[in-house]
Amino acid sequence: MMRGSELAPLAPDVYTRDLVAELPVLRKIAEIETRILHNLDSSDLQPHHWVEMARAIHEAFTGPGPRYDGAVIVHGTDTMAFSASALAFLLPGLDRPVILTGSQAPLLDVR
């Protein structure tokens, strides 16, 4: 999750804690691990960020340690389509899903 204001730039938050606090049902259906790869607005993403995302997903799916059933990327809406397209080319032939999701408002904003 990214939080920002006019006085402070966007900065990562304690995302897993907030996510599970808002959606406690997630504890019943999945084990969740979060990683914050980039500390910037999605409109500032560049091609090297897509490569970093693809590398993190590839390592999570094929590297030593825990094996994952899939990946969910929480992404800003400004460039989500570009990231999805880049990841489709950078991660061909995956046997697990990679899901991109975004929102116009942060998770903890009052709805």
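Everything discussed here concerns the structure shown above.
Residues numbered from 1 in each chain as written. Predicted model: local features only at pLDDT ≥ 70, side-chain atom pairs only at ≥ 80, totals over all residues. Heavy atoms only, no water.

Trainee: Explain the overall build of the protein chain to me, and be specific about the residues and the numbers.
Mentor: In terms of regular secondary structure, the protein chain is built from four helices and four strands. Among the 111 residues that make up the protein chain, the fraction classed as buried is 28%. The contacts of the protein chain with a sequence gap of at least 6 include a subset with a gap of at least 24, amounting to 60%. Roughly 7800 Å² of accessible area belongs to the protein chain as shown, and the carbon and sulfur atoms make up 58% of that amount. (Helix = DSSP H or I, 4+ residues; strand = E, 2+ residues; numbered from the N terminus. Buried < 20%, exposed > 50% of the residue type's maximum accessible area, 1.4 Å probe, protein only. Contact = heavy atoms within 4.5 Å. Areas by Shrake-Rupley, 256 points an atom, 1.4 Å probe, with all protein chains shown as cover.)

Trainee: Lay out the pairing of strand β4 (residues 98–101) with the relevant residues and their values.
Mentor: For strand β3 (residues 71–74) and β4, the ladder comprises four bridges, and the chain directions are parallel. The partner of alanine 71 across the bridge, within β4, is valine 98. You can see the chain leave β3, run along helix α4 (residues 80–90) and come back into β4, and the turn it takes is right-handed. (Pairing = 2+ DSSP bridges. Right-handed = clockwise from strand over helix to strand, strands pointing away.)

Trainee: Describe helix α3 (residues 47–62), naming the residues involved and giving the relevant values.
Mentor: A rise of 1.5 Å per residue sets the reference length of α3, with its 16 residues, at 22 Å; its end C-alpha atoms lie 22 Å apart and thus fit the reference within 8%. When α3 is considered as a whole, its buried residues turn out to be His49, Trp50, Met53, Ala54, Ala56, Ile57, Ala60 and Phe61. Across the axial projection of α3, the buried residues extend over an arc of 160°, all falling on one side. Those residues of α3 hidden inside the fold are in contact with β3, α4 and β4. (Expected span 1.5 Å × (residues − 1). Arc of directions from axis to C-beta.)

Trainee: Give a detailed account of the nonpolar core, specifying residues and quantitative values.
Mentor: Residues Trp50, Met53, Ile57, Phe61, Ile73, Leu87 and Leu91 are the most contacted members of the largest nonpolar core, which totals 13 residues. Counting residues per element, the ones that place at least two in this core are α3, β3 and α4. Ranked by residue count, the leading element in this core is α3, at six residues. Not counting chain neighbours up to four residues away, the residues in contact with isoleucine 57 comprise Ala71, Ile73, Leu87, Leu91 and Val98. (Core = buried A, V, L, I, M, F, W, Y, C linked by side-chain atoms within 4.5 Å.)

Trainee: Break down the packing of aromatic side chains for me, citing the residues and quoting the values.
Mentor: The description of an aromatic ring pair rests on the distance of the ring centres and on the angle between the ring planes. Counted according to the given criterion, the structure contains zero aromatic pairs. In this arrangement the basic side chain of arginine 96 is found over the ring face of phenylalanine 61, its NZ or CZ atom lying 4.6 Å from the centre. (Phe/Tyr/Trp six-rings, centres within 6.5 Å; stacked < 30°, edge-to-face > 60°. Lys NZ or Arg CZ within 6 Å of the ring centre and 35° of its normal.)

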